Amino acid sequence: MRVSSTLLASALAAGASAGTNYLGFNSGATLPDRSAKFKKDFVAEMKTAQGLNGAPGTFNSLRLYTNIQAYSQDDPIEAFDAAIETKTNLLLGVWASGTDNINKEISALKKAVSKYGNKFTDLVIGVSIGSEDLYRDSVTGIKNKAGVGNSPDNIINFIKEYKKAFADNALSKVPVGHIDTWDVWTNSSIKPVIDAVDFIGVDEYPYYEDSKGNDIKNSGHLFDRAYDATIAVANGKPVWVTETGWPSSGPNWDKADASIENAKYYWNEVGCRRLFNKTPTFWYNLRDSNPDNKMLFQITKDLSTKALFDLSCPTTFDTKAEVSSASASATASASASASGTSTGVSKAASATAAASPGAFSANGGSGSSAGAGATGTSGATGAAAGASTTAAAKSSGPVSFGTLSGVASALALFVGALALL
């Protein structure tokens, strides 16, 4: 059945007014030399983000990968103190890869709540249980040596453990989600995880879409197809864009060239056209922290408020919509993210987008210095407690879990898309 334009307009308005569309960056626990970040380091990042010249809004939000201070057991990460000083919103991360429990993450977060009270909890806009764990644990991720991940069942159990631990806490009202690559979300075997979360965090990098025409001029189309496919399977739940960007320097990847000019083009065609001030967006990245990644995604050098390129947004764009206005309505529902609610309106993006969930790589940013830097968080010692994903962890086809084939996954998604039309 077709949805009328009036209903779509109403859904769009409802979604746009239901929540705050946060702008922010990602931040690992360590510096490029693998040394720990402390309060002053996080303050410097936060002040630069908030003061960026010509930015299309205030980037006063930060996504973290862990609650644990680097190289400690369960001390709260000093980003919390920095956020209070700079009034920065926080998307918290519970590191879940390569571990059978999240006890130390919970311990660190409880200590923070006890120490800072509502000065801290009022800044928390969401909590992600894990980051690309399902991609790493998939057949594709294992093949690409993406590092140690975790299973859907464990992620669901961790979500339950987290919610139980903070049931009588101010954080109980904060939406809980999971962050993974878009090709994971479009796999039908992951539906139980979708059912368990309040919001979906998606990482999308057209740069790594080799063999799919990943020239910079096609980046907007590649992003749209992946983003719309994710929205189509979200069951009306908000979709936050937790990582996306284009490298300003580094080696090329198939048809994708890393350059400042192309980073600016991607900022315009994906950030300005599709994301900024429309849905919670955490750009990758303000500065790079992963010394193993040869592609550098930073938009500024030495945390200067003058970026490597003009951050202002154009009034016209090269990328033309490939999907119906119904997809725009589904996108609008993602803006109801601050409270974890949604309009409940979700429409299939298009048969093309739904039936072609080719995989992005989980790029070097995904999990760059993401681990807690703590002995015991995931059974590792060093600057990244969880295995960092590198650019080598690219994928050339749908992520598959167990015996579920990529074809079956795509077919299931295609049938679901038709049902919504």
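Note that the coordinates shown come from a computational prediction; the quantities given were computed from them, not determined experimentally. (Residues numbered from 1 in each chain as written. Predicted model: local features only at pLDDT ≥ 70, side-chain atom pairs only at ≥ 80, totals over all residues. Heavy atoms only, no water.)

## Section: the overall build of the chain
Along the chain, the regular secondary structure elements total 15 helices and 8 strands. Out of the 421 residues belonging to the chain, those deemed buried represent 60%. Within the chain, residue pairs in contact and separated by at least 24 positions form 78% of the contacts whose partners lie at least 6 positions apart. Accessible surface for the chain amounts to roughly 15000 Å². Of this, 53% is attributable to carbon and sulfur atoms. (Helix = DSSP H or I, 4+ residues; strand = E, 2+ residues; numbered from the N terminus. Buried < 20%, exposed > 50% of the residue type's maximum accessible area, 1.4 Å probe, protein only. Contact = heavy atoms within 4.5 Å. Areas by Shrake-Rupley, 256 points an atom, 1.4 Å probe, with all protein chains shown as cover.)

## A short note on the nonpolar core
Among the nonpolar cores identified, the biggest contains 92 residues, and Leu64, Phe80, Leu92, Phe120, Tyr162, Trp267 and Ile299 are the most heavily contacted of them. Here this core takes 7 residues from helix H12 (residues 260-275), the largest share from any one element. If near-sequence neighbours (up to four positions away) are discounted, Leu92 is found in contact with Leu64, Asn67, Phe80, Leu109, Phe120, Val124, Gly126, Val127 and Ser128. Counting residues in hydrophobic clusters, the runner-up holds 7 residues, among them Tyr22, Ile179, Trp240 and Phe282. (Core = buried A, V, L, I, M, F, W, Y, C linked by side-chain atoms within 4.5 Å.)

## A word on the environment of Thr300
Tracing the backbone shows Thr300 in the loop between strand S8 (281-283) and helix H13 (325-333). When neighbours within four sequence positions are excluded, Thr300 is seen to be in contact with Thr48, Leu286, Lys306, Ala307 and Leu308. Of note is the side chain of Thr300, whose polar atom sits 2.4 Å from the backbone oxygen of Ser304. (Polar contact = N/O pair within 3.5 Å; in protein donor to acceptor, adjacent residues only side chain to side chain.)

## Overview of the packing of aromatic side chains
Enumeration over the complete set of coordinates arrives at 21 aromatic pairs. Taken together, a centroid distance of 5.4 Å and an interplanar angle of 40 degrees make the contact between Phe223 and Tyr227 tilted. On the criterion of helical spacing, the pair formed by Phe223 and Tyr227 is a turn pair, its members being 4 residues apart in helix H11 (residues 219-232). By relative accessible area, which is 0% here, Phe223 ends up buried. For the pair Trp267 and Trp283, a centre-to-centre distance of 5.1 Å together with 70 degrees between the ring planes defines the contact as edge-to-face. Taken as a pair, Trp267 in helix H12 and Trp283 in strand S8 lie far apart in primary sequence, 16 residues in all. Looking at Trp267, the relative accessible area reads 0%, which means it is buried. In this structure Trp283 comes out as buried when scored by relative accessible area, which is 2%. (Phe/Tyr/Trp six-rings, centres within 6.5 Å; stacked < 30°, edge-to-face > 60°.)

## Description of helix H4 (residues 103-116)
In a regular helix each residue adds 1.5 Å, so 14 residues correspond to 20 Å; H4 covers 20 Å between its end C-alpha atoms and thus fits that length. Taken residue by residue, H4 has Glu105, Ile106, Ala108, Leu109, Ala112, Val113 and Tyr116 as its buried positions. One side of H4 holds all its buried residues, which, seen down the axis, span an arc of 160 degrees. Away from the buried face of H4 by more than 90 degrees, exposed residues Ser114 and Lys115 are located. Directly after H4, the chain includes Gly117, whose backbone phi takes a positive value near 60 degrees. (Expected span 1.5 Å × (residues − 1). Arc of directions from axis to C-beta.)

## Side note on the state of the cysteines
Each disulfide consists of a covalent bond between the sulfur atoms of two cysteine residues. In the structure shown here, the tally under the stated rule is 1 disulfide. In this model Cys272 forms its disulfide with Cys313; the gap between the sulfur atoms is 2.0 Å. An S-S torsion of about -75 degrees defines the bridge between Cys272 and Cys313 as left-handed. Here Cys272 is found in helix H12, whereas its partner Cys313 is found in the loop between S8 and H13, with 41 residues between them in sequence. (Disulfide = S-S within 2.5 Å.)

## A look at the pairing of strand S7 (residues 239-243)
Among the 5 residues of S7, 5 are classified as buried, and the element is accordingly described as predominantly covered. Following the chain from strand S6 (residues 199-203) across H11 to the adjacent parallel S7, one finds a crossover that is right-handed. (Right-handed = clockwise from strand over helix to strand, strands pointing away.)

## Examining the packing of H4 against helix H8 (residues 152-165)
As a packed pair, H4 and H8 sit with axes 11 Å apart at the nearest point and diverge in direction by 25 degrees. The orientation of H4 with respect to H8, classified from their angle, is roughly parallel. Between H4 and H8 lies a crossing whose hand is right-handed. Side by side, H4 and H8 meet where Ile106, Leu109 and Lys110 of the first sit next to Glu161, Tyr162 and Ala165 of the second. Residue composition of the contact of H4 with H8, by class: 4 nonpolar, no polar and 2 charged. (Axes fitted to C-alpha atoms, helices over the stretch in contact; angles between N-to-C directions. Parallel < 35°, antiparallel > 145°, perpendicular 65-115°, else oblique. Left-handed = near helix turned anticlockwise from the far one by under 90°. Nonpolar A, V, L, I, M, F, W, Y, C, P; charged D, E, K, R; others polar.)

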